[in-house]
Amino acid sequence: MKLKTIHDVKNLKGLGVLVRVDLNVPVHQGKVLDTTRMDRIVPTVDFLVQAGARVILLSHFGRPKGQVVPNLSLRQILPALKNALGHPVQFVPDCVGEEALKVAQSLEPGSILLLENVRFHEGEEKNDLQFAEQLAGLGALYVNDGFAVSHRAHSSTQGITNFLPSVAGLLMAAEIEALSKTLTHPAPPVVAFLSGSKVSTKLSILNNLVLKVDSLVLAGGIATTFLYAKGIPVGKSLCEKNQIKEAQGILKSAEKNNCRIILPQDVMVVPEIKEGALPTCVPVDQIPEDQTAVDIGPKTIKALSEILKKAKTLVWNGPLGVFEIPPFDQGTREVAKTVATQTQSGSLFSVAGGGETVAALTQMGLAKDLSYVSTAGGAFLEWVEGKTLPGIAALVS
Ligand code: ADP
Ligand code: MG
């Protein structure tokens with residue numbers, strides 16, 4: 001699989017380039033709270049600007065469901081975007097139609113235009129080909145730099161590739177390269193951490209991981225469901241009793257594929273998940289009937305550190321405990337510190353992704369110390385599931 005990128009395009013000067021980016025940034029009362037997604041498209045935009053392309057940015061924002069929803073206008077992020085890109089940015093209050101076409105066509109080489117929220121049109125999420133063709137008509141080349149949205153077959157991520165030569169942007173290329181290093185061509189031993197709240201949302205991931213990794217560490221509500229499936233009582237802990245068969249199937253498949261499943265040895269328990277509850281440590285097979293597990297215990301933290309010291313590759317999804325309520329963030333924090341140290345010393349290639357996982361690592365100030373933290377939530381998870389993402393399929397030859 002060879003990914004075509006903007007580096008492979010010869011003559012960008014004066015070319016109208018439609019760039020699908022993910023500017024779905026968190027906004028509160030008109031203020032952009034986190035500019036990560038903007039910051040990460042800078043390399044692509046800079047490259048195109050330097051090459052003298054006419055840069056036309058396409059993005060969605062929120063879920064307007066095909067309607068014009070004024071408070072989901074991309075106009076509100078314009079000042080933050082100009083700031084992040086370090087260039088002036090023009091804006092048109094629609095992504096297709098006369099005005100968009102006129103401004104796009106008269107754009108000076110090396111300048112940037114942001115079009116209004118693509119999801120203001122019904123055609124976007126329906127992957128309507130007519131709408132895709134209208135978008136395509138605004139430029140001569142399509143660049144996808146929105147890995148985070150490429151698991152969706154929408155007009156601006158997939159349909160449009162039917163009408164224009166299509167290549168990946170630099171963020172997209174970096175995401176794919178980092179992800180391929182963890183599951184497509186990883187250095188062994190390969191370890192995966194899979195945690196979070198529900199087995200049911202992560203079944204395909206679990207099924208794919210047992211085929212790919214040497215050790216699979218389970219924690220959180222995933223671990224308690226697996227413990228229950230093995231006949232170990234888990235008290236009031238999060239446990240999806242209707243997923244027992246699935247969990248047992250995954251255990252069997254792991255055995256067949258030489259994947260070591262690692263469950264916590266000890267857990268921190270509380271009578272109720274709430275702030276101020278004091279956790280106590282119990283061996284994992286002694287969770288009291290009236291208590292709920294909220295974090296991994298110190299023995300497990302130590303065991304995971306040992307595993308990390310021997311591992312060469314780590315893929316991590318899911319906080320190891322209820323990190324939102326300290327001190328139940330202890331396990332996630334201690335293990336993340338080891339991941340950071342091992343990565344920084346050059347002995348581990350580490351990739352993490354998932355909404356809450358990234359939030360936890362960022363909050364702990366450790367995201368920057370991993371090899372790669374995926375900006376993508378759903379797309380990262382589908383990639384770990386082993387799926388071909390529709391927005392990427394058109395970019396490879
Ligand atoms: P991600 O968004 O990174 O894929 P998930 O959404 O699957 O992760 O899971 C994250 C959630 O899992 C967090 O909100 C965290 O509080 C919760 N969680 C972790 N461990 C436990 C546990 N032992 N009991 C209940 N919830 C847990
Ligand atoms: Mg989540």
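What counts, and at which threshold
- Residues numbered from 1 in each chain as written.
- Chains lettered and ligands numbered in written order.
- Predicted model: local features only at pLDDT ≥ 70, side-chain atom pairs only at ≥ 80, totals over all residues.
- Heavy atoms only, no water.
- Helix = DSSP H or I, 4+ residues; strand = E, 2+ residues; numbered from the N terminus.
- Buried < 20%, exposed > 50% of the residue type's maximum accessible area, 1.4 Å probe, protein only.
- Contact = heavy atoms within 4.5 Å.
- Areas by Shrake-Rupley, 256 points an atom, 1.4 Å probe, with all protein chains shown as cover.
- Lys, Arg positive; Asp, Glu negative; His and termini not counted.
- Charge placed at Lys NZ, Arg CZ, Asp CG, Glu CD.
- Near = heavy atom within 4 Å.
- Polar contact = N/O pair within 3.5 Å; in protein donor to acceptor, adjacent residues only side chain to side chain.
- Nonpolar A, V, L, I, M, F, W, Y, C, P; charged D, E, K, R; others polar.
- Phe/Tyr/Trp six-rings, centres within 6.5 Å; stacked < 30°, edge-to-face > 60°.
- Pairing = 2+ DSSP bridges.
- Axes fitted to C-alpha atoms, helices over the stretch in contact; angles between N-to-C directions.
- Core = buried A, V, L, I, M, F, W, Y, C linked by side-chain atoms within 4.5 Å.
- Parallel < 35°, antiparallel > 145°, perpendicular 65-115°, else oblique.

1. A closer look at the overall build of the protein chain
A count of helical and extended segments in the protein chain gives 15 helices and 17 strands. Counting only C-alpha atoms, the protein chain reaches 70 × 45 × 40 Å along its principal axes. Across the 397 residues that make up the protein chain, the buried fraction comes to 56%. Looking at the protein chain alone, contacts between residues at least 24 apart form 74% of all its contacts between residues at least 6 apart. When the accessible area of the protein chain is evaluated, it comes to approximately 17200 Å², of which 51% is carbon and sulfur surface. The averaged location of the 37 negative side-chain charges in the protein chain is 4 Å from the averaged location of its 38 positive side-chain charges.

2. Points about the site of ligand 1
By nearness alone, 17 residues border ligand 1, and Lys-202, Asn-317, Glu-324, Glu-356 and Thr-357 come closest of all. Between ligand 1 and the protein, one listed contact pairs an oxygen atom with a side-chain N or O atom of Glu-324 at 2.5 Å. Summarising the interface, the protein chains cover 85% of the accessible area of ligand 1, which totals 580 Å² for the free molecule. Looking at the shell around ligand 1, the elements that each hand over two or more residues are helix 9 (220-229), strand 14 (292-296) and helix 13 (355-363). Here the shell around ligand 1 takes three residues from helix 13, the largest share from any one element. Of the residues contributing to the shell around ligand 1, the split by class is five nonpolar, nine polar and three charged.

3. Brief notes about the pairing of strand 1 (residues 16-20)
In terms of residue burial, strand 1 counts as a mostly covered element, since five of its five residues are buried. Of the two faces of strand 1, both are covered, the one formed by Gly-16, Leu-18 and Arg-20 as well as the one formed by Val-17 and Val-19.

4. Structural notes on the packing of aromatic side chains
All chains considered together, the criterion is met by one aromatic pair. Ring centres of Phe-193 and Trp-316 lie 5.5 Å apart, and the angle between their planes is 75 degrees; this geometry places the pair in the edge-to-face category. Within this pair, whereas Phe-193 is found in strand 9 (residues 190-194), its partner Trp-316 is found in strand 15 (residues 313-317), the two being separated by 123 residues in sequence. Of the two residues examined, Phe-193 and Trp-316, each falls in the buried class.

5. As for the environment of Lys-202
Of note, Lys-202 is situated in the loop between strand 9 and helix 8 (203-212). Exposure remark for Lys-202: the relative accessible area of 11% places this residue in the buried category. Taking C-alpha positions, Lys-202 is 8.7 Å from Ile-222, a pair spaced 20 residues apart along the chain. For Lys-202, the contacting residues outside a window of four places in its chain are Leu-194, Ser-195, Ile-222, Asn-317 and Gly-318.

6. Looking at the sheet that holds strand 16 (residues 349-352)
The strand order across the open sheet built from six strands is 11-10-9-15-16-17, with neighbouring strands paired in parallel fashion. Looking at which strands have only one partner, the edges of the open sheet turn out to be strand 11 (260-262) and strand 17 (372-373).

7. Here's the deal with the sheet that holds strand 7 (residues 141-144)
Spatially, six strands are ordered 5-6-4-1-7-8 in an open sheet, and the strand pairing comes out parallel. The strands lining the two open edges of the sheet, one partner per strand, are strand 5 (89-92) and strand 8 (166-168). Averaged over all adjacent pairs, the angle separating strand axes in this sheet is 25 degrees, with direction ignored. Pairing of strand 1 with strand 4 (residues 54-58), which is carried by five bridges, proceeds in the parallel orientation. Bridged to Val-17 within strand 4 is Val-55. Those strands touched by helix 3 (residues 78-85) are strand 4, strand 5 and strand 6 (112-115), and its axis lies near 150 degrees from that of strand 5. Running at roughly 155 degrees to strand 5, helix 4 (residues 98-105) makes contact with strand 4, strand 5 and strand 6 of the sheet.

8. A closer look at the nonpolar core
If you look at the biggest cluster of nonpolar residues, it comprises 89 residues, and the most contacted ones within it are Leu-57, Phe-147, Leu-209, Leu-216 and Phe-226. Here this core gets eight residues from one element, more than from any other, and that element is helix 7 (residues 170-183). Core analysis: the second largest hydrophobic core is formed by 28 residues, Val-191, Phe-323, Val-339 and Ala-340 among them.

9. Describing the packing of helix 9 against helix 10 (residues 244-256)
Between helix 9 and helix 10, the least distance of the axes is 9 Å, while the angle of their chain directions is 90 degrees. Considering the angle they form, helix 9 stands roughly perpendicular to helix 10. Counting all contacts with helix 9, which are made through Phe-226, Tyr-228 and Ala-229, the residues of helix 10 involved are Ile-244, Ala-247, Gln-248, Ile-250 and Leu-251. Partitioning the contact of helix 9 with helix 10 into residue classes produces seven nonpolar, one polar and no charged.

10. Section: the pairing of strand 14
Most of strand 14 sits out of view: five of its five residues are buried. Pairing geometry for strand 12 (residues 266-270) and strand 14, over four bridges, is antiparallel. Note on strand 14: the bridge partner recorded for Val-267 is Ile-296.

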